[in-house]
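Observations on the model geometry
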Amino acid sequence: ASAILTMGDSSGIAKVYADSGIAVDSVLIRVRPMEASLLIIPPVSPNFVVVRGGWGAESTSLYAEVRDARGELVDSTYSVVFEIGPTPTGSNLNGEGNSVTIETNYGIASATLNAGTESGPVQLTVSTSTSDGNVISSIGTPVVIRSGLPAHMLADIDIQAVTPVGGGFYELETAALVWDQYTNPVEDSVQVYWSLYPDSIADIVGESFTNNENLSG
């Protein structure tokens, strides 16, 4: 007796039974993925790190998934090239540089991104070659390097912007630029506190934090 087994849309191990009504037997069949056709950069967690010495996670793992035309992870070994750039100053992959080559393990390759001294987004390009020599690749920005804690500040006023508000009172807006230890602008919503000496000369009204709206909106 014979039968035809038609493959479905997923890989894995199938168990096929033969039953004559009296005798029963079975056989295992392994359905393998097809040739690599897709290269995917999946989301990472955490998707941000801080600059070196910035009081937070300074590294994270980047991944590349090699899949066939049906979206199944391949089981053959592929060499995947990870390359970052343009990239903030000092960041690297696996402590080596801007490019590393990693072999897949059941369709997945990974590399470690280490932050440097500059904040900003990290663009990642991954690529691999198929058995017939075709190159497949993918580009994404899975990670952002954030600035560190406030370390430098420049407070300033525009004396020409004094505005009379009536009753002999005047209004003057102040501003501050805040940087981390590497002169990267700090993240939004960092609180800035103001004081006045002597405190009898004027009043400070309102709260202040980085990237808040000024009087002009």
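Computed from a prediction, not measured in an experiment: that's the story for all the values here.

Secondary structure assignment for the protein yields zero helices and 15 strands. For 217 residues, the compact-globule estimate of 2.2 N^0.38 gives 17 Å, and the protein exceeds it by more than 25% at 29 Å. Along the longest, intermediate and shortest principal axes, the C-alpha atoms of the protein span 105 × 40 × 25 Å. Residue burial in the protein is summarised as follows: out of 217 residues, 27% are buried. Relative to all contacts within the protein whose residues are 6 or more apart in sequence, the contacts with residues 24 or more apart total 57%. Carbon and sulfur atoms make up 51% of the accessible area of the protein, which totals about 14,200 Å². The averaged location of the 25 negative side-chain charges in the protein is 21 Å from the averaged location of its 7 positive side-chain charges.

Ordered by their spatial adjacency, five strands build an open sheet running S4-S11-S10-S6-S8, and the pairing between neighbours is mixed. Bordering the open sheet on either side are strand S4 (48–50) and strand S8 (99–103), each of which pairs with just one other strand. When strand polarity is set aside, the average angle formed by the axes of neighbouring strands in this sheet is 30 degrees. Here strand S10 (residues 120–129) pairs with strand S11 (residues 135–146) via nine bridges, running antiparallel. Considered in S11, the bridge of valine 122 is made with valine 143.

Take the pairing of S11 next. The pairing of S4 with S11 spans three bridges and is classified as parallel. If you follow valine 49 over to S11, its bridge partner there is isoleucine 145. Connecting S10 to the next strand, S11, in antiparallel fashion are five residues, including glycine 133 with a positive phi near 90 degrees.

This part covers the pattern of salt bridges. Should their charged atoms come close, side chains of opposite charge can pair. Enumeration over the complete set of coordinates arrives at two salt bridges. One salt bridge in this structure joins aspartate 68 and arginine 70, with 3.6 Å as the shortest N-O distance.

Tracing the chain through its elements places aspartate 180 in the segment after strand S15 (174–179). With no salt bridge to any partner, buried aspartate 180 finds its closest opposite charge in arginine 52, at an N-O distance of 11 Å. Within the structure, the side chain of aspartate 180 is placed 2.9 Å from the backbone nitrogen of glycine 148, a separation counted as a polar contact. At 2.8 Å, the side chain of aspartate 180 and the backbone nitrogen of asparagine 184 are in polar contact. Beyond its immediate chain neighbours, meaning those up to four positions away, aspartate 180 contacts Val51, Ser147, Gly148, Leu149, Ala151, His152 and Val186.

The next thing to look at is the nonpolar core. Judged by nonpolar contacts, the single largest core of 26 residues is most densely connected at Leu62, Phe82 and Val126. The contacts of valine 126, once residues within four sequence positions are left out, are Leu39, Ile41, Ala64, Val80, Val81, Phe82, Ile136, Ser137 and Ser138.

Right, let's get into the packing of aromatic side chains. In this structure the tally under the stated criterion is zero aromatic pairs. The ring of phenylalanine 48 has arginine 146 lying over it, and the distance from NZ or CZ to the ring centre is 3.8 Å.

Below, the discussion takes up a nonpolar patch on the surface. Together, Ile157, Ile159, Val162, Tyr170 and Leu172 make up an exposed nonpolar region whose accessible area comes to about 480 Å². When you line up the elements, isoleucine 159 lands in the loop between strand S12 (152–157) and strand S13 (163–166).

The four strands are arranged S3-S5-S9-S7 in an open sheet whose pairing can be described as antiparallel. Of all the strands in the sheet, just strand S3 (38–40) and strand S7 (92–93) have a single pairing partner and so form its edges. Inspection of the sheet shows S7 paired to strand S9 (residues 108–114) by two bridges, in the antiparallel sense. When the sheet's bridge partners are listed, leucine 93 is paired in S9 with leucine 113.

So, about the environment of leucine 62. In this structure, leucine 62 sits in strand S5 (residues 59–67). A C-alpha to C-alpha distance of 8.4 Å links leucine 62 and alanine 109, two positions 47 residues apart in sequence.

A few words on the pairing of strand S6 (residues 79–84). The side-chain alternation of S6 yields one buried face, formed by Val80, Phe82 and Ile84, and one unburied face, formed by Ser79, Val81 and Glu83. Where S6 meets S8, five bridges bridge the pair, whose relative direction is antiparallel. Its bridge partner lying in S8, serine 79 is registered against glutamate 103.

Cut-offs used in this document
Every chain's residues receive numbers from 1 upward, in the order its sequence appears when written. Restriction of local features to residues with pLDDT of at least 70 applies here, the model being predicted, together with a cutoff of 80 or more for giving and counting side-chain atom pairs; totals for whole chains, interfaces and linings are based on all residues. In computing side-chain values, all of the structure's heavy atoms are included and hydrogens and water are not. We count a stretch as a helix when DSSP gives it H or I for four or more residues in a row; a strand needs E for two or more, and each element gets its number in order from the N terminus. Radius of gyration here uses only the C-alpha atoms, and the compact-globule reference equals 2.2 Å multiplied by the residue count raised to the power 0.38. Burial classification: accessible surface area is computed with a 1.4 Å probe over protein chains only, and a residue below 20% of its type maximum counts as buried, one above 50% as exposed, and the rest as partly exposed. Residue contacts are defined here by distance: any two heavy atoms, one from each residue, within 4.5 Å place the two residues in contact. Under the convention used here, a 1.4 Å probe and the Shrake-Rupley method define accessible areas, while residue burial counts only the protein chains that appear. Charge assignment: positive for Lys and Arg, negative for Asp and Glu; neither His nor the chain ends contribute. A single reference atom marks each charge: NZ on Lys, CZ on Arg, CG on Asp, CD on Glu. We call two strands paired when DSSP finds no fewer than two bridges between them. Only the contacting stretch of a helix is used when fitting its axis, a line to C-alpha atoms as for every element, and angles between N-to-C directions run 0 to 180 degrees. By salt bridge we mean one thing: a side-chain nitrogen of Lys or Arg within 4 Å of a carboxyl oxygen of Asp or Glu. A 3.5 Å cut-off defines polar contacts: any pair of N or O atoms within that distance qualifies, except that in protein one atom must be a possible hydrogen donor and the other a possible acceptor, and neighbouring residues in sequence count only when both atoms are side-chain atoms. Throughout this description, the term nonpolar core refers to a set of buried Ala, Val, Leu, Ile, Met, Phe, Trp, Tyr and Cys residues connected via side-chain atoms within 4.5 Å. Centres within 6.5 Å are what make two rings of Phe, Tyr or Trp a pair, Trp counting through its six-membered ring; a difference in plane orientation under 30 degrees is then read as stacked, over 60 as edge-to-face, and the rest as tilted. Two limits define a charge over a ring: the Lys NZ or Arg CZ must be within 6 Å of the ring centre, and within 35 degrees of the ring normal. Patch criteria: residues need more than 30% relative accessible area and no salt bridge. Like-charged residues are merged within 9 Å; nonpolar side chains of Val, Leu, Ile, Met, Phe, Trp and Tyr are merged within 5 Å.

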